[in-house]
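Fold and contact review
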Amino acid sequence: MLLIEDLQVELAGKTILKHIDLEIKPGETHALFGPNGSGKTSLLMTIMGYPQYKVTGGKIIFKGVDITHSPINERASLGIGMSYQRPPTIHGLKTRQMVEICAAKREVSVEGLARRVNFQDFLERDVNAGFSGGEIKRSELLQLMAQNPDFMLFDEPESGVDMENIALVGNTIAKLLQKDCESTDQKSRLQMKRERTKMGLIITHTGYILDYVAVDKGQVLYNGVLSCSTNPREILRCIGEVGYEECVRCTIDNL
Amino acid sequence: MYDRQPLINKAATALDKKAPIGPDIDLGQFEQTPVPHEHLDDAGLLKLPEEEKQQLLMAGVDVSERERGGTFFQKDTEVVHCKSKQEGIEVIPIREALEKHDWIKDYYWKLASVDADKYTAASEMNLHNGYVIRALPGAKSIYPIQACLYLDKQGLQQNVHNIIIAEEDSELHIITGCSTSPHATKGIHVGISEFYIKKNAKLSFTMIHNWAEDMVVRPRSVAQVEEGGLFLNNYVCMKPVRSLQMYPTTHLVGENAVARMYSIIVGSPDSEYDVGGRVYLKKKGNRAEVVARTITNGGRIISRGHLIGEVADIKAHLECKGLILKGGLVYAVPELEGHVDGVEMSHEAAVGKIAQEEINYLMSRGLSEDEATSTIVRGFLSVDIPGLPPQLKAEIDKAIELSEKDVM
């Protein structure tokens, strides 16, 4: 379980997240909406532990451990992973090696995983070097598949992905988050749903991802404040109809 | 017998001539008297003390000769092992070649000048030995030939002269390691190398240096590439050295001749490296690439590159990237010289630090900060070298891996 209590964050001396409270239970995936610059990526980076995002108040608890001030790699080993929107290129490090790093000591078939996101032809290329938007997404998902974290942060997984690949990306995320459950001989769907443990937080602008991943809850971040927490479809419809301006009123009503 | 007297006379005039770049070295402090060593047969090679084998291995020389086409091993002033296992490829000590082979006169000091500076002069005045490696026309190297110049005696000045000839249509791969024995800390290595790559021949020359703290190294190399020929010159130095200065020069003299030079240097504290590559592009269709990756942990690294385009329809690129990890200096000196319309030349130089963003990215994949840093450094040093046999690529990777502890 992820529990964020009254979190306050500064970036370069400016407060960018204010009094954030958020709870994601095992098996749950939340979608995070909000206009550009509202602090969505900052929230993800803060959860991942990027040191430039300075926590000035509140705490982050994951699996019962207070990780508010833990280094990035400790959070990764506790089971937090992230799919980045614009990851850096690391020259001389092949995508294959990166996938092996993600797998750590687990035995994985790099080729097998790569086939699932149609990425076999990129394994010998330097990670992220000259990758298109869609290729970056598939590379990030490939890394997460090898890493197999319990809680996954996705920063706009569908942006820059063409219509042909959107289903591939969507279904891969669903599988990572155990949202692809099909009933089997041994287990009913309900049983599988109950056994779900993976958690997710997905930043989305378009909501396309909702067509592939059964998201449990939607959150709206507006101006550094979580202003709304309800059914993701309802949020999407509201934004479509009246825009994020409505969030201002909702925030005031929330107080 | 080749009469060297005129060369020796000429050398005598340059005995005090300082080199245009690099700290001037007083050669009087070193011993030049020949040091006798026993000849080693194959079994003798294998019986070398473990410590020595390790020193050799770090310079890419494997005494088991597994996947090697031949071996040349010079200890101090004496050639202790010399053979080729492959037909069509000759490995001969240069003194023997000067005595027995008339053709050597067409190559000896034909590219490098004996009176260039005090080091070229000294090597001729008091030549110890060196190798001639020659691929006969059409011969193709299956495994690389390994050559080692080893310094065992404390305070020695080792003077060597090497000639490498790839005859027409041949393909030759050489890995050469220079190293010191574990107890030798001080000495100077003066090495002349002349490379002849003839029509449509291909030569890859991979040099790995594994020196000691107080060593001075002054190689002097010149290459000439004829029509359709390819010269791949790789240099790796990850170990401390008092002072290393070299500026190998390549002349592309035939149409469509190509030269590629790659250097990987890690600079240790109290070490000074002044290295570079210079290529003259003289005929249409010439291509040249000079790539350097340098890291300093407190050492001083001067990384030079100089491309000279003399005719149209040539293409050349210079790339110098440096990382400063724990103090020190990286001084990149890229020079481009286009003499006519229609040359295409470029350079890219960057000196900096490891990007925190890259470290964080790797940490979010589970690596500790130190592991992330070393992964990035390893990537930085791993250059893709087109045309290099995978084995030699593996040797370079191994050299990097073996000295990784010193880098971090």
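Rules used throughout
- Here the residue numbering is sequential within each chain, running from 1 through the sequence in written order.
- Working convention: letters from A go to chains and numbers from 1 go to ligands, in the order in which they are written.
- Local features are withheld for residues below a pLDDT of 70 in this predicted model, meaning they are given only at 70 or higher, and side-chain atom pairs are given and counted only at 80 or more; totals for whole chains, interfaces and linings count all residues.
- Heavy atoms throughout the structure, all of them, feed into the side-chain values; hydrogens and water do not.
- A domain assignment, automatic or from a database, supplies the domain bounds used here.
- Here, two residues are considered to be in contact whenever any of their heavy atoms come within 4.5 Å of each other.
- Buried surface area refers to the total accessible area, computed with a probe of radius 1.4 Å, that the two partners give up upon joining, counted for both partners together.
- We define a salt bridge as a contact between a side-chain nitrogen of Lys or Arg and a carboxyl oxygen of Asp or Glu at a distance within 4 Å.
- Ring pairs are drawn from Phe, Tyr and Trp, using the six-membered ring of Trp, whenever the two centres fall within 6.5 Å, and their geometry is named by plane angle: stacked under 30 degrees, edge-to-face over 60, tilted for the rest.
- Each helix corresponds to a stretch of at least 4 residues labelled H or I by DSSP, and each strand to a stretch of at least 2 residues labelled E; elements are numbered beginning at the N terminus.
- Here the term buried applies to any residue with accessible area under 20% of the maximum for its type, exposed to any over 50%, and partly exposed to those in between, with areas from a 1.4 Å probe on protein chains only.
- We call a charge positioned over a ring when the NZ of a Lys or the CZ of an Arg lies within 6 Å of the ring centre and within 35 degrees of the ring normal.
- Using a grid of 1 Å spacing that covers the protein atoms alone, one calls a set of points a cavity when a 1.4 Å probe fits there but cannot get out, and a pocket when the set is open and has protein on both sides within 12 Å along at least five of seven lines; lining residues are those with an atom within 4 Å of a point.
- Grid points are joined across faces, edges and corners, and a volume is the space filled by probe spheres set on the points.
- All residues other than Ala, Val, Leu, Ile, Met, Phe, Trp, Tyr, Cys, Pro, Asp, Glu, Lys and Arg, Gly among them, are scored as polar; the first ten of these are nonpolar and the last four charged.
- In this analysis, the expected span of each helix is defined as 1.5 Å times one less than the number of residues it contains.
- Pairing between strands is defined by DSSP: at least two bridges between the two strands are required.
- Note on scores: pLDDT gives the predictor's confidence for each residue, bounded by 0 and 100.
- Think of a polar contact as two N or O atoms within 3.5 Å of one another; within protein, one of them needs to be a possible hydrogen donor and the other a possible acceptor, and neighboring residues in sequence only count if both atoms come from side chains.

Residues and elements named next belong to chain B. Parsing chain B into structural domains produces domain 1 (5-353) and domain 2 (354-408). The distance between the C-alpha centroids of domain 1 and domain 2 comes to 25 Å. Taken residue by residue, the interface counts 34 residues in domain 1 and 24 residues in domain 2. Carbon and sulfur atoms make up 72% of the surface buried where domain 1 meets domain 2, a total of about 2500 Å² over both sides. On the domain 1 side of the contact with domain 2, M238, I264 and R293 bury the most area, a combined 20% of that side's loss. Our enumeration of links across domain 1 and domain 2 arrives at one salt bridge. A salt bridge links E395 to R68, with the shortest nitrogen-to-oxygen separation between them at 3.0 Å.

Here the focus is the packing of aromatic side chains. Residue and element names in this part refer to chain B. If you walk through the whole model with that rule in mind, you get 14 aromatic pairs over all chains. With 5.2 Å between their ring centres and 65° between their planes, F72 and Y131 make a pair best called edge-to-face. Of this pair, F72 sits in strand β1 (residues 70-75) while Y131 sits in strand β4 (residues 131-135); the two residues are 59 residues apart in sequence, bridging distant segments of the chain. Judged by its relative accessible area of 0%, F72 is buried. Ring geometry for F195 and F205: centres 4.7 Å apart, planes at 75°, overall edge-to-face. Of this pair, F195 sits in strand β8 (residues 186-197) while F205 is found in strand β9 (residues 202-210), placing the two residues ten residues apart along the sequence. Side by side, F195 and F205 carry an identical accessibility label, which is buried. Cation over ring: K282 sits above Y280, and NZ or CZ is 5.4 Å from the ring centre. Above the plane of the ring of F380 lies R293, whose end atom (NZ or CZ) is 5.8 Å from the centre.

Residues and elements named next belong to chain B. Throughout the structure, instances matching the rule amount to three cavities of 30 Å³ or more. A volume near 310 Å³ is recorded for the largest cavity. Lining the largest cavity we find 32 residues, and of these M207, N233, Y235, M246 and P248 sit closest to its centre. Looking at side-chain class alone, the lining of the largest cavity contains 18 nonpolar, 13 polar and one charged residues.

So, about helix α7 (residues 369-381) of chain B. The end-to-end C-alpha distance of α7 of chain B is 18 Å, a good match for the 18 Å that 13 residues give at a rise of 1.5 Å each. If you check which residues of α7 of chain B are buried, you get A372, T373, S374, T375, I376, V377, G379, F380 and L381 of chain B.

Right, let's talk about the sheet that holds strand β2 (residues 14-24) of chain A for a bit. All names here are of chain A. Strand order in the open sheet made by the four strands is β2-β1-β4-β5, with antiparallel pairing throughout. Sheet topology places β2 and β5 (65-66) at the edges, where each strand pairs with a single neighbour. When strand β4 (residues 53-62) meets β5, the two strands line up antiparallel, connected through two bridges. The partner of I61 across the bridge, within β5, is D66.

The subject of this paragraph is the confidence of the model for chain A. Keep in mind that low pLDDT regions are not for reading the predicted coordinates in detail. Per-residue confidence for chain A gives a mean pLDDT of 91, with 96% of residues at or over 70. Ranking the elements of chain A by mean pLDDT puts helix α9 (residues 245-254) of chain A last with 70 and strand β6 (residues 80-83) of chain A first with 98.

All names here are of chain A. Inspection of the secondary structure assignment puts I203 in strand β8 (residues 199-203). Residues I203 and Q219, spaced 16 residues apart in sequence, show a C-alpha to C-alpha distance of 9.5 Å. Residues in contact with I203, not counting those within four places in the same chain, are L32, K40, T41, L44, F154, D155, E156, P157 and E158.

All names here are of chain A. Within the chain, D6 stands out as a residue other than glycine whose phi angle is a positive 45°. You can see D6 is positioned in strand β1 (residues 2-11). The class of D6 is partly exposed, set by a relative accessible area of 39%. Backbone geometry at Q178 places phi at a positive 55°, although glycine is not the residue there. When you line up the elements, Q178 lands in the loop between α6 (163-176) and α7 (189-194). On the accessibility criterion, Q178 (26% relative accessible area) is partly exposed.

Time to look at the side chain of N210 of chain B. Residue and element names in this part refer to chain B. Mapped onto the secondary structure, N210 falls in strand β9. A polar atom in the side chain of N210 sits 3.1 Å from the backbone oxygen of Q55. Reaching out from N210, the side chain makes a polar contact with the side chain of S179 at a distance of 3.4 Å. Other than its neighbours up to four places away in sequence, N210 contacts Q55, M58, A59, C178, S179, T180 and K239.

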